[in-house]
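# Coordinate inspection notes
Spelled out, the chains give:
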Amino acid sequence: MKEALLDNRFITFTLNGEIYAIEVLKIQEVIYIPEITKVPGAPSFVVGVINLRGILLTIVDTSVEFGLARQPGTEYSRVVVVSLGQDERVGLLVDGVSEVVSLDLSSREPLPTLGEGKLVQYAYHIVYNDGRPVILLDMERVVDAVSWSSAA
Amino acid sequence: MAFDPHSEIFQDFLLEAGELLESLNEQLVELESNPEDSEALNAVFRGFHTIKGGAGFLELTSIVELCHRSEDLFGLIREDKLKLTEAVMDPVLAAVDELNVMFEALQEGVEPEAAPVTIIQQLEAILNPSSVAEPEPKPEIQVIAETRGEAEADENEDISEDEFEALLDRLDGDEDEVGGASGTEFVTDVLLKGDPEKEFTEDEFDLLLDTLDEETVEVEAVAAVTQVIPESKAAEVLPSEPQSAPPTPPAAVEKAEVKKPKQKPSGKTPQHGKSESSVRVDTRRLDDVMNMVGELVLIRNRFENLKQSISSEIVDRTISDLNLLTTDIQEVVMRLRMQPVRKVFSRFPRVVRDLARKLNRKVKLELVGEETEVDKNLVEELADPLIHLIRNAVDHGVEPLNVRMAAGKPAEGTVVLSAEQEGDHILLTIKDDGAGMNPETLRHLAVKRGMMDQETVEKLPDRALYNLIFEPGFSTKKEISDVSGRGVGMDVVKTHINQLNGQIDIDSELGGGTTIAIQVPLTLAIMPTLMVRVGSQVYAIPLPGIIELFEWSFVEVGRVGGREVVRLRDRTYPLIHASELLEEPQTHSAEQRVLIIELAGHALALVVDQVIGQEEVVIKPLGTLLRGMPGYSGATITGDGGVAMILDIASMVSKRAGGDFLAFSEFSGLNGEEIAA
């Protein structure tokens, strides 16, 4: 993985009870779930688009893509706005944002093989934090893999 | 001067020389077809000269090398010492191609590599037919080492003729305002003509110094030169003293002397021609302004929405003032971004020329309406599809020479590319006088490719058949040429045009030629749409395709071939439910409307749940995830701050309804007969 991990602070969030982490540097903001405009015909993990202060933001729910069940929204649900560089960003629907933690990346382990799950394509490593596994997510990889142009 | 891609001078050079290079392509082809055109000849000569000058100043030696020789070559042609033939043109065009590559490198901030030896040799061979074998020493003028300034202390440093001239050019450029017979030019003349009669007058010398400003390198250069003049006659300065360099043959120096006075005035002309009332603006700033105007339009729309809840005359009036002003600003800003289509058109004569030569055909490209202006972004977006279509016209349209002769047509084929404005659209047509398309071949192919069955195909009007070539996987050319596509081309062109909210249509006459018409909106940023509700969401449908609007109760639904159709105003349209396309439950209400939408060659009736009204929307690009998704041409922010997707009906329908929709809509005789008649 890349130099981006030099800053070892991560935001952790939950998806279906699992803990995921993305580098703090890549997070633009965390917002409440706004009114989302559906995009009929879009891939199933695209929940829709929103107007984020004049900019169009695509909201994705990766649980489907990761082979997890889609969870109903709760009061803890949030959208994590991840910047992808070059003015691009994507909104990730999560069940709840937990905390900002410093993770000791030297102790990271490769992701255990998860059968047919696609997760292994997007995340390479897990790190233990307080004895609980945290999955390191590479959002750019997710977007590269699922974007329309690469799917078509 | 070190290579610094961020310096202002460098950027200016890129911009100006880049434009010159672009027009060179066109001028060269023009010149080739019309060698007597002295204006074109001069323009080409000047073009090379000016690029060379700038490149020399920036020490871009590889560019200087190419320009220098090309310029010399056209110098000879101007003096009638050389005839402009294809043999001459080919290496020059190769040099221009190479220059283009170098400019691309420069634009990325990379110093270009040395010019390919083969091109230089070819040019040299034409310049000096006798001395091809021996390596030609570069004509050099030895000038005192100080001229280089402190940057290079090497005593033996030579200033090549090019660099020297570039230096002088630069000075020329700087003293434009002073005008008249300038000091520097005078120096040049004295120096290069070696005219011993001329003396510097005090005034001229002062004038010269006045013009030089703070640019120390230049001041030093000229000061050094001027010092020499009073003592020794200029002629003595000229011949380079043989140092370690190979001896310069006198011929080379003579050549330089002869040419110089002629080059001077020509090099300056473009600068004089420039109008002072125009300003160069970074396009990014224009884009910023455009974005802000977009936001302004949105706020205007929001006010329009508010107007309904606040009923007060004064509010109404203020809003309508705002409305007027916003529309004006929008219009003005749009104009700012307009550029003549010449910018893309100018590349095509070269494309046609090269291709025609490769295919051994004679093809002339006529450009009509190059002045037509469209949005800057659109100009760039149009380049690729147009190149493809033009190549196609030359490759598949215009017949080989013998076929043309046999058919009694003039040996030279003609492709006409024209542009004209039609309201808020621009219409581009590419018309060739070639073989045209054979409907029977197309029918045969359509069946063979499994696109439709024999029966359907036979009922298909010719016009609809022609449009089949825009379908994926359909190519009429039997053998695959490396020139135009493998049947992947035309559908890509169509997709591209559709993405620009444009439409493409084709007509052909067997033996008479093919005409392709492209209609695109003048601007990409703002689009008039009809806002409609489908299910719980609001969508925007581009207004240009919408022909008519009916109440649902007015419409009678029939069935043909397992599909719903409606008959309105004596025409039958396939009926599409927007709710079906947009995955919404089908409902019935009094608010439902039927829109008649016509899209390049097809028409259909679309049922929506409610028509909200007409709105000019600002198109926001879809993010990475959804970009390129068929069915939408973008999204926009609505008056209430929400998001409305902009529907691209053509791609949405063909995606959802599958390939048979096309055949079906044609089969129902929507427009076929009318157009054929």
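Structure: see above.
Thresholds, definitions, all that
- Residues numbered from 1 in each chain as written.
- Chains lettered and ligands numbered in written order.
- Predicted model: local features only at pLDDT ≥ 70, side-chain atom pairs only at ≥ 80, totals over all residues.
- Helix = DSSP H or I, 4+ residues; strand = E, 2+ residues; numbered from the N terminus.
- Contact = placed C-beta atoms within 7 Å.
- Buried ≥ 20, exposed ≤ 12 C-beta atoms within 10 Å, placed from the backbone.
- Pairing = 2+ DSSP bridges.
- Axes fitted to C-alpha atoms, helices over the stretch in contact; angles between N-to-C directions.
- Parallel < 35°, antiparallel > 145°, perpendicular 65-115°, else oblique.
- Left-handed = near helix turned anticlockwise from the far one by under 90°.
- Nonpolar A, V, L, I, M, F, W, Y, C, P; charged D, E, K, R; others polar.

Turning next to the overall build of chain A. When helices and strands are counted, chain A shows four helices and 11 strands. In chain A, of all internal contacts separated by at least 6 residues, the share reaching a separation of at least 24 is 50%.

For the rest of this paragraph, the subject is the overall build of chain B. Along its length, chain B carries 25 helices and 20 strands. A burial count over chain B gives 40% of its 677 residues as buried.

Residue and element names in this part refer to chain B. On the secondary structure map, Leu606 appears in strand β17 (residues 602-608). The exposure class assigned to Leu606 is buried, which follows from the 25 C-beta atoms found within 10 Å. Considered as a pair, Leu606 and Arg593 are 13 residues apart in the sequence and their alpha carbons are 8.2 Å apart. Leave out the neighbours within four places in its chain, and Leu606 touches Ile576, Ala578, Val594, Leu595, Ile597 and Ile649.

Residues and elements named next belong to chain B. Spatially, β4-β6-β7-β9-β8 is the arrangement adopted by the five strands of the open sheet, whose pairing is mixed. Every other strand in the sheet has two partners, leaving β4 (362-368) and β8 (503-509) as the edge strands with one partner each. Along the sheet, successive strands turn relative to each other by an average axial angle of 15 degrees, direction set aside. Of the pairings in the sheet, the one linking strand β7 (residues 425-432) to strand β9 (residues 513-521) comprises seven bridges and is antiparallel in character. From the neighbouring strand, His425 faces β9, where its bridge partner is Pro521. Those strands touched by helix α16 (residues 376-397) are β4, β6 (412-422), β7 and β9, and its axis lies near 20 degrees from that of β7.

The next subject is the packing of helix α1 (residues 8-33) of chain B against helix α4 (residues 86-107) of chain B. All names here are of chain B. Put simply, α1 and α4 touch, their axes get as near as 11 Å, and they point 160 degrees apart. Our classification of the angle between α1 and α4 gives roughly antiparallel. α1 and α4 meet at a crossing whose hand is left-handed. Each of Leu14, Gly18, Leu21, Leu24, Asn25, Leu28 and Glu32 in α1 lies in contact with α4, whose residues at this interface are Met89, Val92, Leu93, Val96, Leu99, Asn100, Phe103, Leu106 and Gln107. Of the residues that constitute the contact of α1 with α4, the class distribution is 11 nonpolar, four polar and one charged.

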